[in-house]
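Inside the fold
Listed below, chain by chain, are the residues.
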Amino acid sequence: MGKIANEVLIQKLGDKFPGQVTELNQDYGLLSVETGREQISDVLAYLKNDPELKFIFLTDITAIHYPELEKQIGVIYHLHSLTTNTRIRVKVFLTADDVHIPTATTLWDGANWMERETYDFYGVVFEGHPDLRRILNVDDMTVFPMRKEFPLEDPNRIDKKDYFFGR
Amino acid sequence: MHNHPVYTDNDPQTEYSTLNLGPTHPATHGVFQNVLQMDGERIVSGVSTIGYIHRAFEKIAEHRPFYQITPLTDRLNYCSSPINNMGWHMTAEKLLGITTPKRVDYMRVIIMELARITDHIVCNSILGVDTGALTGFTYMMQYRESVYEIYEEICGSRLTTNIGRIGGFERNFNKIAFDKIRNFLKIYRVGLKEFESLFNRNRIFVDRTRGVAEVTAETALSYSWTGPILRATGVDYDVRAMEPYSSYEDFDFEVPVGDNGDVYARFLVRNEEMWQSMRIIEQALAKLEKEPSDIFHADVPAFYLPPKEEVYNNMEALIYHFKIVMGEVETPTAEVYHAVEGANGELGFYLVNDGGRSPYRLHFRRPSFINYQMYAPMSQGMLLSDAIINMSSLNVIAGELDA
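From a predicted model like this one, the values you see are computed outputs, not experimental measurements. (Residues numbered from 1 in each chain as written. Chains lettered and ligands numbered in written order. Predicted model: local features only at pLDDT ≥ 70, side-chain atom pairs only at ≥ 80, totals over all residues.)

Quick look at the overall build of chain B
Tallying secondary structure elements over chain B gives 17 helices and six strands in all. On C-alpha atoms alone, chain B measures out to a radius of gyration of 22 Å, which is about the 22 Å that the 2.2 N^0.38 rule sets for 403 residues. Dimensions of chain B along its principal axes, counting C-alpha atoms only, are 80 × 50 × 35 Å. Each of the 403 residues in chain B was classed as buried or not, and the buried ones make up 49%. The contacts in chain B between residues at least 6 apart in sequence include a share of 69% that link residues at least 24 apart. (Helix = DSSP H or I, 4+ residues; strand = E, 2+ residues; numbered from the N terminus. Rg over C-alpha atoms; globule rule 2.2 N^0.38 Å. Buried ≥ 20, exposed ≤ 12 C-beta atoms within 10 Å, placed from the backbone. Contact = placed C-beta atoms within 7 Å.)

Written out as structure tokens, the structure reads:
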């Protein structure tokens with residue numbers, strides 16, 4: 001079986017979840033779609049179980065933080081259909097005061113540590129996760145360090161500020 | 001210290017004993033802690049604790065221009081740094097729309113396959129050590145040394161190589177490098193054959209590894225396993241074949257698979273991959289002869305660091321040098337996922353770029369991290385001595401596990 005065209009994927013997702021899955025971009029041929037957290041479990045289950053799509057392989061779960069947006073935290077899933085050699089990226093955006101999303105561990109065992117890592121660094125709470133603890137950072141850490149409000153370097157250091165470079 | 005498994009075992013009536021395997025145990029090669037509940041020699045349950053050498057590479061990468069991220073990737077899987085370096089450079093090239101000349105692709109293939117061989121040498125020979133056969137290890141290390149000498153000839157360093165540039169290599173391979181590669185192929189053929197005849201049908205080794213930690217293809221896929229351990233379960237997923245990068249489509253090679261995913265099958269898959277790697281390097285050497293011998297990078301002055309002698313004598317080169325080092329080059333606003341077949345699985349780079357001096361977000365899909373999470377569940381009911389060789393054959397590298 002050959003690669004599934006992005007148009008076919010958009011069509012199928014649009015038919016199954018009308019108005020609930022929107023295309024974000026197709027950068028470098030990889031389709032990115034956005035959905036809401038109410039549908040994310042169904043969307044992932046559909047992508048995994050549909051006999052034509054068969055995105056059975058969970059490549060990765062991670063998150064991203066856009067402090068200037070209303071929905072600040074994005075949770076990003078990379079799925080791979082091994083039989084058709086197609087990849088897809090699914091994103092869900094959440095507001096910073098309610099960072100809850102259903103777990104994907106019901107579909108893939110491998111989602112366990114990926115979600116723990118995402119929780120550890122971005123504070124995304126995966127509901128239904130069997131063991132949602134910090135994984136790489138120390139247990140008594142109180143912040144979620146990959147969020148943009150935590151600077152890496154000494155904030156008093158000014159020689160690397162963007163305005164010195166005309167930005 | 002809430003949630004910590006070490007301190008939960010306070011029931012005086014329990015029949016099980018708690019064993020802290022690690023964080024620095026001589027039988028686990030790296031910083032791994034597993035708190036095991038033991039019933040005699042048998043493991044009842046286990047909890048893995050990781051993160052002892054977490055260095056926040058993803059956070060650091062958000063504050064570094066592209067070139068300064070390459071040394072970070074060195075320190076992920078430090079047994080095969082060149083694959084990480086090349087993977088990162090190819091991710092940046094994909095983002096920037098740079099096409100590399102065929103000669104660069106073939107040179108990269110040579111380096112990546114050499115790195116794969118060193119990684120498999122370490123894993124397989126140490127598996128021998130853990131089953132009580134030190135001899136293979138002591139002999140195989142000299143071949144790793146030969147590959148490190150090739151790295152030295154090409155980039156000057158051995159372990160954390162920082163090899164290559166965006167667009168190609170920092171310098172051309174010289175004649176000594178080619179001689180060393182050819183010589184390595186000649187001697188390693190003999191060495192690997194010897195290693196295989198020492199282990200493959202060795203009664204003690206086979207008894208010790210056959211049937212240990214069997215994994216079905218379904219379980220392996222559900223746990224998102226990739227690399228030799230997935231192929232040992234019979235799934236022929238290899239990024240080099242599925243989504244060829246760096247002109248892997250020009251090469252003729254096979255993707256070896258195992259049958260039942262046990263420690264022995266993983267051992268055999270890795271051995272066969274080393275043969276295939278040698279086959280690829282030979283083809284690459286032959287292909288290089290047909291390419292113009294002076295091309296070793298793409299013509300992208302805005303991203304490829306100019307040679308030092310030009311920086312000192314040529315204004316254009318000086319400007320580009322500073323722009324590149326300070327991250328002052330125009331980059332597109334886009335997101336890109338690029339995967340390479342690392343020595344222990346699919347090494348993915350998810351890069352979100354906003355046109356700034358450094359990535360907005362860079363996530364490493366680290367195969368060791370994802371492969372290792374099955375370790376504690378699959379150890380249940382296993383003998384402690386089997387769990388040790390199981391960890392050894394998963395080839396989890398602590399640097400990549402903790403990033």
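Regarding the domain arrangement of chain B
All names here are of chain B. Domain annotation of chain B identifies domain 1 (5-49) and domain 2 (57-402). One C-alpha centre belongs to domain 1, the other to domain 2, and the line joining them spans 32 Å. Each partner contributes to the interface: domain 1 provides 16 residues, whereas domain 2 provides 17 residues. Breaking the side of domain 1 that touches domain 2 down by element, the ones donating at least two residues are β2 (33-39) and β3 (42-49). Residue composition of the side of domain 1 that touches domain 2, grouped by class: seven nonpolar, seven polar and two charged. (Domains from an automatic or database assignment. Nonpolar A, V, L, I, M, F, W, Y, C, P; charged D, E, K, R; others polar.)

Some points on the packing of helix α3 (residues 81-96) of chain B against helix α4 (residues 102-130) of chain B
Think of two packed helices as two axes; the pair is described by the angle between the axes and how far apart they sit. All names here are of chain B. Put simply, α3 and α4 touch, their axes get as near as 7 Å, and they point 140° apart. As the angle between them shows, α3 and α4 are arranged oblique. Facing S81, P82, I83 and M86 of α3, the residues of α4 in contact are R108, I111, M112, A115 and R116. (Axes fitted to C-alpha atoms, helices over the stretch in contact; angles between N-to-C directions. Parallel < 35°, antiparallel > 145°, perpendicular 65-115°, else oblique.)

Here we look at the UniProt feature "domain: NADH-quinone oxidoreductase subunit D" (unreviewed entry) in chain B
Within this structure's numbering, the places UniProt gives as "domain: NADH-quinone oxidoreductase subunit D" (unreviewed entry) are residues 130-402 of chain B. A helix fraction of 51% and a strand fraction of 9% characterise residues 130-402 of chain B, whose end C-alpha atoms lie 23 Å from each other. (UniProt positions renumbered as here; feature names shortened; annotations may be inferred.)

Re unusual backbone geometry
All names here are of chain B. Its identity is not glycine, yet A56 carries a phi of approximately 55°, on the positive side. If you trace the backbone, A56 turns up in the loop between β3 and α1 (57-61). Of the residues examined, A56 has 17 C-beta atoms within 10 Å and is grouped as partly exposed. For A213, which is not a glycine, the phi torsion comes out positive at approximately 60°.

Some thoughts on the interface of chain A and chain B
Accessible area lost on assembly of the parts is the figure often given for the size of an interface. Facing 28 residues of chain A, the contacting portion of chain B comprises 36 residues. Sorting the residues of the side of chain A that touches chain B by element identifies β3 (57-65) and α3 (111-122) of chain A as the ones contributing at least two each. The element contributing the most residues to the side of chain A that touches chain B is β3 of chain A, with six residues. Among the residues forming the side of chain A that touches chain B, the class breakdown is 15 nonpolar, seven polar and six charged.

Comments concerning the sheet that holds strand β1 (residues 22-25) of chain A
Residue and element names in this part refer to chain A. Reading across the sheet, the five strands line up as β1-β2-β5-β4-β3 and stay open at both edges, with mixed pairing between neighbours. At either end of the open sheet lies a strand with only one pairing partner, and these are β1 and β3. Averaged over all neighbouring strand pairs, the angle between strand axes comes to 30°, with direction disregarded. In this sheet, strand β5 (residues 86-94) lies alongside strand β2 (residues 31-35) in parallel orientation, the contact comprising five bridges. (Pairing = 2+ DSSP bridges.)

As for the environment of Q33 of chain B
Within the secondary structure, Q33 of chain B is located in strand β2. Once the C-alpha coordinates of Q33 of chain B and P301 of chain B are considered, the two residues, 268 residues apart in sequence, prove to be 47 Å apart.

Quick word on helix α6 (residues 175-199) of chain B
All names here are of chain B. Between its terminal C-alpha atoms α6 stretches 36 Å, which fits the 36 Å expected from 25 residues at 1.5 Å a residue. Taken as a whole, α6 carries its principal kink of about 30° at Y188. By the burial criterion, the buried members of α6 are A177, K180, I181, F184, Y188, L192, F195 and F199. (Expected span 1.5 Å × (residues − 1). Bend = angle between axes of the 7 residues up to and from the residue.)

A short note on the sheet that holds β2 of chain B
All names here are of chain B. An order of β1-β2-β3 is seen for the three strands of this open sheet, with the pairing classed as antiparallel. At either end of the open sheet lies a strand with only one pairing partner, and these are β1 (17-21) and β3. Direction aside, the axes of adjacent strands within the sheet are offset by 25° on average. Inspection of the sheet shows β2 paired to β3 by seven bridges, in the antiparallel sense. Paired with D39 across the bridge in β3 is R42.

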